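Residue-level structural notes
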Amino acid sequence: GRTSDHVYVLALREQLPTVAAAVTGSEPSDRRSEANVIALDHTERGIIDGAGDVDWFALDVAIGTALEVTLRCPRTVKARLVAHVGDGAPAWATAGSEGATLKLPRLVAAAERVWIRIHGVGKSHDPGEAYQLEVANMSALDDALDLSGLATPDLATVATPSAHAD
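Bear in mind the structure is a predicted one, so any value in this text is a computation, not a measurement. (Residues numbered from 1 in each chain as written. Predicted model: local features only at pLDDT ≥ 70, side-chain atom pairs only at ≥ 80, totals over all residues. Heavy atoms only, no water.)

Counting residues in each nonpolar core, the largest one holds 24 residues, and the members touching the most others are Val69, Leu71, Leu81, Ile116, Ile118 and Leu133. At the level of secondary structure, the elements contributing two or more residues to this core comprise β3 (54-60), β4 (66-72), β5 (78-85), β7 (101-108), β8 (113-121) and β9 (131-137). Residues within four places of Ile116 in sequence aside, it is in contact with Asp55, Trp56, Phe57, Val69, Leu81, Val82, Leu133 and Val135. Residues Ala35, Trp56, Ala58 and Trp115 belong to the second largest nonpolar core, which totals five residues. (Core = buried A, V, L, I, M, F, W, Y, C linked by side-chain atoms within 4.5 Å. Buried < 20%, exposed > 50% of the residue type's maximum accessible area, 1.4 Å probe, protein only. Helix = DSSP H or I, 4+ residues; strand = E, 2+ residues; numbered from the N terminus. Contact = heavy atoms within 4.5 Å.)

What follows covers the packing of aromatic side chains. The full count for this structure, using the stated rule, is one aromatic pair. Arranged with centres 6.3 Å apart and planes meeting at 80 degrees, the rings of Trp56 and Trp115 form a pair that is edge-to-face. Linking Trp56 in strand β3 with Trp115 in strand β8, this pair joins segments that are 59 residues apart in sequence. Given the relative accessible area of 8%, Trp115 is considered buried. (Phe/Tyr/Trp six-rings, centres within 6.5 Å; stacked < 30°, edge-to-face > 60°.)

Under the defined criterion, the tally for this structure stands at five salt bridges. Of the charged contacts, one joins Glu34 and Arg31 as a salt bridge, the two residues approaching to 2.9 Å between their closest N and O atoms. For Glu68, the salt bridge identified is with Lys103, shortest N-O distance 3.4 Å. Of this pair, Glu68 sits in strand β4 while Lys103 sits in strand β7, and the two are 35 residues apart along the sequence. (Salt bridge = Lys/Arg side-chain N within 4 Å of Asp/Glu carboxyl O.)

Attention now moves to the pairing of β4. Working note: regular strand, side chains alternate between the two faces of the sheet. Where burial is concerned, most of β4 is hidden: five out of the seven residues are buried. Direction of pairing for β4 relative to β7: antiparallel, over a ladder of six bridges. Along β7, the bridge assignment pairs Arg72 with Thr101. In terms of strand pairing, β4 meets β9 through six bridges, oriented antiparallel. Bridge pairing in β9 links Leu71 to Leu133. (Pairing = 2+ DSSP bridges.)

Shown next as structure tokens:
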């Protein structure tokens, strides 16, 4: 064969989708009653239109399902990520700076419906950038690794109450 004198360089970088990338949720979703129902192990994309904007998601799971919730914010979006169990008050919350990746790790569903709320905070928001929300089923991983001997906290009992109620 013939050899080539050409050198190719492949560069990879992470880039969050813009509005042009299909936003998967529908609006309005500012109240629990308007929540977008989502599936495990699927990526949802949405827009936070500024401080005070809220997006709600609902997830139906078996009681005892272990979840990991991840929110990847665009570089100009500062958000608060909150999980609710059933129809109860906020059970777990975290917040971060612009462009942060927020995680609620190892949540165990104590009800068949888990609600997830994304709340815009701060002043700088670019409506041209979408966030990514993922809810991973960690129970399948637990089964594969046989973690049956480890204690796992229940989402309802390891609660960090949120200052922002619905």
